[in-house]
Amino acid sequence: MPSAIRLRGLEKRYGLVQALRGIDLDIAEGEFFALLGPNGAGKTTVISVLAGLARPSAGSAEVMGFDVVRDYRETRRNLGVVPQELVYDAFFTVREMLTFQSGYFGLRHNDAWIDELLATLGLVDKANAYTRTLSGGMKRRLLVAQALVHKPPVIVLDEPTAGVDVELRQSLWAFIRRLNREGHTILLTTHYLEEAEALCQRVAMLKDGRIVALDRTDNLLRSEEERRLELALSSDDLPDSLRGRVLSQNGRRFVLNLPEYGELEAILAQLRQADIRVEEMSLRQADLEEVFLKVMERAG
Amino acid sequence: MSGFRTLLYKEIIRFWKVLMQTVLAPVLNAWLYLLIFSHVLSAHIQVYPGVSYTAFLMPGLIMMSLLQNAFANSSSSLIQSKMSGNIVFVLLPPLSNFEFFAAYLLAAIVRGVVVGLGVLLVGLLFTDLQFAHPFWILVFALLASAAFGALGIVAGIWADKYDHLAGVQNFAIMPLTFLSGVFYSIHSLPSFWQGVSHYNPIFYMIDGFRYGFHGVSDVDPMLSLAVVLPVSLLMAWIALQLIRSGYKLRD
Ligand SMILES: Nc1ncnc2c1ncn2[C@@H]1O[C@H](COP(=O)(O)OP(=O)(O)OP(=O)(O)O)[C@@H](O)[C@H]1O
Ligand SMILES: [Mg+2]
């Protein structure tokens, strides 16, 4: 599978600030990929380089095989970017913005697709409203629509759900998922890690301009041996065979270590044998947020 | 080229939507100049034989409005887009640097010419004008608005705030315009200032333009063309190079 996005030794300096310190990354065509990291890690800078808004200080970046500097026009044709900042042009209406944006990409009769975007993003009522009269979340949706006017093979979303209400977040993700199923490559940044966990096949974690973790989402989740079994029992004493698993105890409430789900069966059997009833039970798995915090901590 | 056409169209719509401040206000301004200067001075001054002062004043006034507005169009559009951040909408698409340049430049020329026409129409209420050499009128109108449209691109890219643009307008364009013979023939200046005026490109823009109307001018229109054409090309070249370099547009 050819790479939709390919970064090699990518560095970016803004004056004295070294925003990217050598990034190597391949994102395959059709992937749903998350770029995570704390504020200032360099996520937006990676996107700016891809979009041609910032130029690499060293190394290279390609989109669908086109170099972002040398083949800048092909790169931009293949890329749709939802910027992090809520920008809009107060002079124009929603439909005008989408028509202009289509025109910049050489598309002159794009109304059917524009109408579909407006419908999917819940902007039909606002089609003829001036952009300055939109609420923050609506401006964000317009940015998404603008990024998609030319149906780009690679879609980059820089915190697209910041300030967007629950309902729209759901429908936005359903839409992006559909585009992904239809073959679009998706690169996403977000601080809502449960979004990334639910949506993305692979994740890169960035810190201080470096990639500090890069793996499939499920591998990352497995990598932290953090599966735990929380129990409330009819007794405050456990059979000997289970004592070694206790992570913490509070009266008749226990937290047990559970490296493998398969061991659950055996634990319950041992409790039954000792005539101990289970009153409450819950399983906890490390989520991406915990993994993220661990990775960041380790990265110093 | 359709990306270019869209950007040009958008830039024209942008000023057309606020016609009141972008076209009517400068035309009203020129009308006030005409009212006052022609009333006060027409009895006393005749610069060229057979040409009334008001008729003499007209081309200069048109040219002044035209080049100020060409400058204002590209510079204010760019700085507004930069400051609001919506410049990304034209930086993300696959527009070539030349398309980007040409769209901003042409829109500025259109604004300059539209305002110039407005001033001309208002002027015709005050005085009869001849159009001795329409071709020269057109050439100087286009070259001057191109030069100042391009200067507007340069200033709009360079400026970080409106204050910087106002600086260019008040400390460069206004003085150069007033010292260029809008309101008088430079032959009526002391010889030192006459000499200085000959280094002012706006003088040649106005003088060549005036020749197009009255068939008389301070210097040969070919000399004016020989100055104005390279100045316009140079400004355009600088603007294009600046866009190519990505200066203040792409980090
Ligand atoms: N245009 C710029 N000029 C100077 N420094 C910049 C510029 N853009 C980003 N930086 C710096 O580069 C570093 C990375 O910033 P970047 O915007 O890429 O972070 P981010 O990961 O997107 O953060 P956030 O989650 O807050 O959006 C930061 O130190 C930032 O201050
Ligand atoms: Mg960011």
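Residues numbered from 1 in each chain as written. Chains lettered and ligands numbered in written order. Predicted model: local features only at pLDDT ≥ 70, side-chain atom pairs only at ≥ 80, totals over all residues. Heavy atoms only, no water.

1. Brief notes about the overall build of chain B
Note the cut-off: Secondary structure elements follow DSSP: runs of H or I no shorter than four residues count as helices, runs of E no shorter than two count as strands, and numbering proceeds from the N terminus. Using C-alpha atoms as the atom set, the radius of gyration is obtained and then compared with a globule rule of 2.2 Å times the number of residues to the power 0.38. Buried residues are those whose accessible area, probed at 1.4 Å on protein chains only, stays under 20% of the maximum for their type, while exposed residues exceed 50% and partly exposed ones sit between those limits. Note on definitions: a residue-residue contact is assigned when non-hydrogen atoms from the two residues lie within 4.5 Å. The accessible surface values rely on the Shrake-Rupley method and a 1.4 Å probe; as for residues, cover is taken only from the protein chains in view. Counted as positive: Lys and Arg. Counted as negative: Asp and Glu. His and the chain ends are not counted at all. For charged residues, the charge sits on one atom: NZ in Lys, CZ in Arg, CG in Asp, CD in Glu.
For chain B, the helix and strand inventory stands at 10 helices and 0 strands. The order of helices and strands in chain B, counted from the N terminus, is α-α-α-α-α-α-α-α-α-α. Whereas a compact globule of 251 residues would reach a radius of gyration of roughly 18 Å, chain B reaches 18 Å, a difference of no more than 12%. Principal-axis analysis of the C-alpha atoms gives chain B an extent of 60 × 35 × 35 Å. Within chain B, the fraction of its 251 residues that count as buried is 57%. Pairs at least 24 apart in sequence give 82% of the contacts found in chain B among residues at least 6 apart. Total accessible area computed for chain B in this model is approximately 10,500 Å², and 71% of it derives from carbon and sulfur atoms. Between the mean site of the 11 positive side-chain charges and the mean site of the 9 negative ones, chain B shows a separation of 12 Å.

2. Looking at the interface of chain B and chain A
Keep this limit in mind: When two parts are brought into contact, each loses some accessible area as probed by a 1.4 Å sphere; the total of that loss over both is the buried area. What makes a salt bridge here is a side-chain nitrogen of Lys or Arg within 4 Å of a carboxyl oxygen of Asp or Glu, nothing more.
Taken together, the contact between chain B and chain A spans 32 residues of the former and 31 residues of the latter. For the chain B and chain A pair, buried surface summed over both sides reaches about 2,700 Å², with 59% attributable to carbon and sulfur atoms. It is F89, L92 and P94 of chain B in chain B that bury the most area against chain A; as a group they hold 27% of the surface buried on that side. At the surface where chain B touches chain A, the tally comes to 2 salt bridges.

3. Remarks on unusual backbone geometry
Of note in the backbone geometry, K151 of chain A takes a positive phi value of approximately 45° without being a glycine. One can find K151 of chain A in the loop between α5 (136-148) and β7 (154-158). Judged by relative accessible area, which is 49%, K151 of chain A ranks as partly exposed. Within the chain, K248 of chain B stands out as a residue other than glycine whose phi angle is a positive 60°. With respect to the secondary-structure elements, K248 of chain B resides in the segment after α10 (221-245). For K248 of chain B, a relative accessible area of 36% corresponds to the partly exposed category.

4. Here's the deal with the packing of helix α1 (residues 2-16) of chain B against helix α3 (residues 53-84) of chain B
All names here are of chain B. As a reminder of what qualifies: For helices, the fitted axis covers only the stretch in contact; all axes are lines through C-alpha atoms, and the angles between them, taken along N-to-C directions, range from 0 to 180 degrees. Each angle is binned into one of four classes, with values under 35 degrees roughly parallel, values over 145 roughly antiparallel, values of 65 to 115 roughly perpendicular, and all other values oblique. Three residue categories are used. Nonpolar comprises Ala, Val, Leu, Ile, Met, Phe, Trp, Tyr, Cys and Pro, charged comprises Asp, Glu, Lys and Arg, and polar comprises the others, including Gly.
One can describe the packing of α1 onto α3 by two numbers: an axis separation of 11 Å at closest approach and a directional angle of 100°. The angle between α1 and α3 falls in the class roughly perpendicular. Packed against α1, whose contacting residues are E11, R14 and F15, the element α3 presents N73, S76, S77 and Q80 at the interface. When the residues that make up the contact of α1 with α3 are grouped by side-chain class, the tally is 1 nonpolar, 4 polar and 2 charged.

5. Digging into the sheet that holds strand β14 (residues 278-284) of chain A
Residue and element names in this part refer to chain A. This is how the line gets drawn: Note on pairing: two strands pair once DSSP finds at least 2 bridges between them.
The strand order across the open sheet formed by 4 strands is β12-β13-β11-β14, and the pairing between neighbours is antiparallel. Both edges of this open sheet fall to β12 (246-250) and β14, since each of them pairs with a single strand only. Taking the axes of each pair of neighbouring strands and ignoring which way they run, one obtains an average angle of 15° across the sheet. By the bridge criterion, 5 bridges tie strand β11 (residues 228-233) to strand β13 (residues 253-257) in an arrangement that is antiparallel.

6. As for the site of ligand 1
Condition: If a single non-hydrogen atom of a residue is within 4 Å of a molecule or strand, that residue counts as near it. Counting of polar contacts relies on pairs of N or O atoms within 3.5 Å, with two restrictions inside protein: one atom must be capable of donating a hydrogen and the other of accepting it, and residues adjacent in sequence are counted only when both atoms are side-chain atoms.
Neighbouring ligand 1 are 15 residues; G40, K43, T44, T45 and Q84 of chain A lie closest to it. Residues near ligand 1 are shared among chains A and B, making this a multi-chain site. Taking N39 of chain A, its side chain carries an N or O atom lying 2.9 Å from an oxygen atom of ligand 1. Here a nitrogen atom of ligand 1 and a side-chain polar atom of D251 of chain B are 3.3 Å apart. Isolated, ligand 1 exposes 630 Å² of accessible area, and the fraction of that covered by the protein chains is 66%. Counting residues per element, the ones that place at least two in the shell around ligand 1 are β2 (17-28) and α1 (43-51) of chain A. At 3 residues, the largest contribution of residues to the shell around ligand 1 is made by α1 of chain A. Grouping the constituent residues of the shell around ligand 1 by class yields 5 nonpolar, 7 polar and 3 charged.

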